[in-house]
Amino acid sequence: MQPVQLSAGVHWVGVNDRTTDLFEGIWPITREGVTYNAYLVEDEACALIDPVRASKAQQFLEKLGAVCDLSRLRYLVLNHMEQDHTSSVPLLRRLVPGLTIVCTAKARDMLESFYGVTENIRVVDEGDTLSLGETTLRFFVTPFVHWPETMMTWEPERRILFSCDGFGTFGALDGALFDDQIADLAWYEGEGLRYFANVVAKFSKPVRNAISRLGGLDMAVIAPSHGPVWRSDPARIVELYDRWCGYADGPAEPEVTLLYGSMYGFTERMMGAVAEGVSEVGVPVDVFDAGRRHPSYILPSLWSRNGVLVGAPTYEGELFPPVSHALRLAAMKRPRNRLLGIFGSYGWSGGADTDVGQIVEGLDWELVEELHFAGKPTGKQLEEGRRFGRTFGEAVTRG
Ligand code: FEO
């Protein structure tokens, strides 16, 4: 994509990344891609807001150079230090030796520990401003959206909020930058929830605090560091983020995630019966085979739904490892106040249920019911599984 003008004197100079397989080394983006959005604000002094991952620096520099001669760059605003944005900082510093980095005090410490950068840094705090000529940038310190050093940058004349990770989504851009140009915006909203559940969810409280503090701004444009720029309906992505933050303490949606694993099909048979029971009482259920689905795609469901059914065999006396892995990742994000049901097959002794309890300890999940059986479920046990599903679905409906 070419540079895109947001407003007179403000350009998107970000890049698509379609070649990284795992975001943060964990979350798959092979099919979806991601963007690192960078923005150039031009005035008497020019400021670059958040650069890009070093692996995409060539593409980024070409784009930046098409809008502005590098020698005109005076400031580099770093809203956030994670390396998906900052690993190109050493290169930029070499290319533009006089560049002043603008960041919070915590980010300054990270600049030294990540890159050995200690010179020409301007530390800013809540409400501080930076004059570029007629344009003034104002900084909001927003710790833990997503790391402790994070801030956002506000341009009051054009009413643009450069929000970095906040309000971001996974998903490369297919030629269109703005929300009103994207035909399938729902896809980015889905990738927004996946990004949130994978990367941001643990910090829901600070994100919500930031949202309420930013509520006073009359935002015309939200320009995050990942995904589309929201100019037609910026309130939409704020509303979504606020809703997703709200799931942290519950109640989440009155729906069910059924997370299961099966070695030879015994637990899978029971899963089918349980899912039938949940569906019979009209409650939506999302079924995930933990052995075949990456947790990245399971977490959005576990984050946003109130009911969690865990179906897993006992494996060497413990919870079946793929289910354990997905559940542990979900528990790291601290979703509280969910309803829990556990079922599964065992060969000679159980134990899987104890592990589930330990994984979600401290999250205030209410155990609604359990169903364990030896070996292959009998017809009677499958009927019991349908009843189990109905009872669980009804509990989720009641909240
Ligand atoms: Fe997009 Fe937390 O970095």
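**A closer look at the overall build of the protein chain**
Inference 1: The number of helices and strands found in the protein chain is 12 helices and 23 strands.
Inference 2: Rg of the C-alpha trace for the protein chain: 24 Å, near the compact-globule value of 21 Å for 399 residues, within the 12% margin.
Inference 3: Across its three principal directions, the C-alpha atoms of the protein chain cover 80 × 40 × 35 Å.
Inference 4: Considering the protein chain as a whole, with its 399 residues, one finds that 58% of them fall into the buried category.
Inference 5: By sequence separation, contacts in the protein chain at least 24 residues apart represent 73% of the contacts at least 6 residues apart.

**Some remarks on the sheet that holds strand β16 (residues 221–224)**
Inference 1: Spatially, β12-β13-β14-β15-β16 is the arrangement adopted by the 5 strands of the open sheet, whose pairing is mixed. One side of each edge strand has no neighbouring strand; the edge strands of this open sheet are β12 (129–131) and β16. Going from strand to strand, the sheet's axes swing by 20 degrees on average, the running direction of each strand aside.
Inference 2: Bridge count for strand β13 (residues 136–141) against strand β14 (residues 151–155) is 4 bridges, and the pairing is antiparallel.

**A word on the pattern of salt bridges**
Side-chain pairs of opposite charge can arise whenever the charged atoms involved come near each other.
Inference 1: Counted by the stated rule, this structure contains 24 salt bridges.
Inference 2: In this structure, Glu 155 and Arg 158 form a salt bridge, with 3.2 Å as the shortest nitrogen-oxygen distance.
Inference 3: Of the charged contacts, one joins Glu 384 and Arg 387 as a salt bridge, the two residues approaching to 3.0 Å between their closest N and O atoms. Within this pair, Glu 384 and its partner Arg 387 are both found in helix α12 (residues 379–398), separated by 3 residues, close to a single helical turn.
Inference 4: Since its relative accessible area comes to 34%, Glu 384 is described here as partly exposed.
Inference 5: Here the salt bridges do not stand alone but share partners, grouping Glu 276, Glu 280, Glu 383, Arg 386 and Arg 390 into one network.

**As for helix α7 (residues 234–246)**
Inference 1: Along its 13 residues, α7 runs 19 Å from first to last C-alpha, staying within 8% of the 18 Å computed at 1.5 Å per residue.
Inference 2: In this fold, the buried residues of α7 make contact with α5 (185–200), α6 (204–214), β16 and α9 (295–304).

**Structural notes on the nonpolar core**
Inference 1: Counting 120 residues, the largest nonpolar core has Leu 6, Phe 23, Leu 48, Phe 60, Leu 111 and Tyr 241 as its most contacted members.
Inference 2: Looking at which element gives the most residues to this core, the answer is α5, with 8 residues.
Inference 3: Formed by 20 residues, the second largest nonpolar core is a distinct cluster that contains Ala 273, Leu 309, Leu 382 and Phe 388.

**Let's talk about α6**
Inference 1: What α6 keeps buried is the set Ser 204, Val 207, Ala 210, Ile 211 and Leu 214. The buried residues of α6 all sit within an arc of 125 degrees when viewed along its axis, so they share a single face. Of the residues in α6, the exposed ones pointing more than 90 degrees away from the buried face are Lys 205 and Ser 212.

**Things to note about unusual backbone geometry**
Inference 1: For the bond from Gly 250 to Pro 251, the omega torsion is -5 degrees, close enough to zero to count as cis.
Inference 2: Positionally, Pro 251 belongs in the loop between α7 and β17 (253–260).
Inference 3: Even without glycine at this site, Phe 167 takes up a positive phi of about 70 degrees.
Inference 4: Assignment of secondary structure puts Phe 167 in the loop between β15 (160–164) and α5.
Inference 5: Residue Glu 316 is not a glycine yet carries a positive backbone phi of 50 degrees.
Inference 6: Given the relative accessible area of 66%, Glu 316 is considered exposed.

**Here's the deal with the pairing of strand β22 (residues 339–346)**
Inference 1: Among the 8 residues in β22, 7 count as buried, and that is most of the element.
Inference 2: Across 5 bridges, the pairing between strand β19 (residues 305–311) and β22 is parallel. When the sheet's bridge partners are listed, Gly 311 is paired in β22 with Phe 343.
Inference 3: Sheet topology note: the β22/strand β23 (residues 366–374) ladder contains 8 bridges and is parallel. Note that in β23 the partner of Ser 345 across the bridge is Phe 373.
Inference 4: In terms of handedness, the path from β22 via helix α11 (residues 352–359) over to β23 forms a crossover that is right-handed.

**Focus on the environment of Arg 243**
Inference 1: Within the secondary structure, Arg 243 is located in helix α7.
Inference 2: The spacing of Arg 243 and Ser 304 is 61 residues in sequence and 9.2 Å in space, taken between C-alpha atoms.
Inference 3: When sequence neighbours within four positions are dropped, the list of residues in contact with Arg 243 reads Arg 236 and Glu 253.

**Let's talk about the sheet that holds strand β7 (residues 39–41)**
Inference 1: An order of β1-β2-β7-β8-β9-β10-β11 is seen for the 7 strands of this open sheet, with the pairing classed as mixed. What marks the edges here is a single partner per strand, and that holds for β1 (4–7) and β11 (121–123). For this sheet, the mean inter-axis angle between neighbouring strands, taken without regard to orientation, is 25 degrees.
Inference 2: Each of β10 (100–103) and β11 is contacted by helix α4 (residues 105–115), which is oriented at about 130 degrees to β10, the strand it contacts most.

**Observations regarding the side chain of Glu 369**
Inference 1: Looking at where Glu 369 falls in the secondary structure, it is placed in strand β23.
Inference 2: A polar atom in the side chain of Glu 369 sits 3.4 Å from the backbone nitrogen of Phe 392.
Inference 3: Setting aside chain neighbours within four positions, we find Glu 369 in contact with Leu 340, Gly 341, Ile 342, Arg 387, Phe 388, Thr 391 and Phe 392.

Cut-off values and rules
Residues numbered from 1 in each chain as written. Predicted model: local features only at pLDDT ≥ 70, side-chain atom pairs only at ≥ 80, totals over all residues. Heavy atoms only, no water. Helix = DSSP H or I, 4+ residues; strand = E, 2+ residues; numbered from the N terminus. Rg over C-alpha atoms; globule rule 2.2 N^0.38 Å. Buried < 20%, exposed > 50% of the residue type's maximum accessible area, 1.4 Å probe, protein only. Contact = heavy atoms within 4.5 Å. Pairing = 2+ DSSP bridges. Axes fitted to C-alpha atoms, helices over the stretch in contact; angles between N-to-C directions. Salt bridge = Lys/Arg side-chain N within 4 Å of Asp/Glu carboxyl O. Expected span 1.5 Å × (residues − 1). Core = buried A, V, L, I, M, F, W, Y, C linked by side-chain atoms within 4.5 Å. Arc of directions from axis to C-beta. Right-handed = clockwise from strand over helix to strand, strands pointing away. Polar contact = N/O pair within 3.5 Å; in protein donor to acceptor, adjacent residues only side chain to side chain.

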